[in-house]
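Structural overview for review
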Amino acid sequence: MSSRERILGRVRRALADVTPDERPYEEAVPRDYLREHGARTTEETVELLAANLADYRAIVHRSDAEELPYLVMRLLNEHGSQEVLVPPGLPPEWMSAADPVRIHDRAVSTPQRLDQVDSVVTGCAVAIAETGTIVLDGSPDQGRRRISLIPDHHVCVVRVPDQVVSSIPQALERLDPARPLTWISGPSATSDIELDRVEGVHGPRTLEVILLS
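So, a few notes on the structure that sits alongside this text. Once a new chain begins, its residue numbering starts again from 1 and follows that chain's sequence as written. Reporting of local features is limited, given that this is a predicted model, to residues whose pLDDT is at least 70; pairs of side-chain atoms are given and counted only at 80 or more, and all residues count toward the totals for whole chains, interfaces and linings. Calculation of side-chain values draws on the structure's entire complement of heavy atoms; hydrogens and water are dropped beforehand.

1. Section: the state of the cysteines
Any two cysteine sulfur atoms within 2.5 Å of one another count as a disulfide. Per the stated rule, a full pass over the model turns up 0 disulfides. The thiol of Cys124 is unpaired, and the distance to the nearest cysteine sulfur, on Cys156, comes to 4.8 Å. Throughout this description, buried means an accessible area under 20% of the type-specific maximum (1.4 Å probe, protein chains only), exposed means over 50%, and partly exposed covers the range between. Judged by its relative accessible area of 1%, Cys156 is buried.

Structure representation (structure tokens):
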């Protein structure tokens with residue numbers, strides 16, 4: 001008997017005296033929780049997102065389509081980026097003013113090579129105002145999960161208001177659970193050792209979010 005069979009056998013024995021519930025799963029689990037906490041206008045939702053992003057120590061910028069290429073250029077220059085990683089479907093106009101060498105996301109790129117890249121620029125799938133969370137789903141303008149985790153500097157563009165929702169339940173309705181979802185709440189940080197906050201351990205040390213109107 002394998003370990004899997006032993007574990008499943010224990011589960012079956014533990015559930016042997018449980019009365020079967022014939023109701024569909026959607027009815028068996030009550031979902032009467034609030035879909036969002038308080039009524040807000042679209043503008044108020046975007047402001048809440050900006051506030052919570054900043055509270056998580058992300059750096060928040062605002063831009064329109066005309067100014068965006070110059071803002072991206074300035075952020076990369078200020079970071080001293082010599083190379084920038086770009087996903088295959090990133091709108092080309094976002095990088096049209098930037099000078100760094102562009103490194104494209106390729107399957108053959110090793111983690112060691114990606115670790116040498118200074119910055120990554122991506123879009124996002126959705127942004128959650130109540131939690132200050134950015135979600136990536138591996139779409140062409142975001143690339144594979146690893147490209148947002150290895151470089152030390154992540155510039156993420158959020159289209160406002162189309163990609164902004166109030167709450168996690170609203171975000172889940174937009175996301176495909178079969179896709180590789182990455183949930184980002186501020187730059188990578190941990191306080192595991194003596195409660196001292198250390199940033200950049202499990203991902204980018206610097207997260208800059210551009211709210212694109």
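That covers the picture; the talk isn't over yet.
2. Structural notes on the environment of Ala14
Helix and strand assignments follow DSSP, with helices taken as H or I runs no shorter than four residues and strands as E runs no shorter than two, numbered in order from the N terminus. Of note, Ala14 is situated in helix H1 (residues 3-14). Take Ala14: its relative accessible area is 52%, and that puts it in the exposed class. A C-alpha to C-alpha distance of 43 Å links Ala14 and Ile150, two positions 136 residues apart in sequence.

3. With respect to the side chain of Gln163
With respect to the element layout, Gln163 can be found in the loop between strand S7 (153-159) and strand S8 (164-165). At a separation of 2.7 Å, a polar atom in the side chain of Gln163 contacts the main-chain carbonyl oxygen of Cys124. Definition of a polar contact: a pair of N or O atoms within 3.5 Å, with one able to donate and the other able to accept a hydrogen when the atoms are protein atoms, and with sequence-neighbouring residues admitted only if both atoms are side-chain atoms. At 2.9 Å, the side chain of Gln163 and the backbone nitrogen of Arg159 are in polar contact. For Gln163, the residues in contact, after removing those within four places along its chain, are Cys124, Ala125, Val126, Ala127, Val157, Val158 and Arg174. Throughout, a residue-residue contact means that at least one pair of heavy atoms, one from each residue, lies within 4.5 Å.

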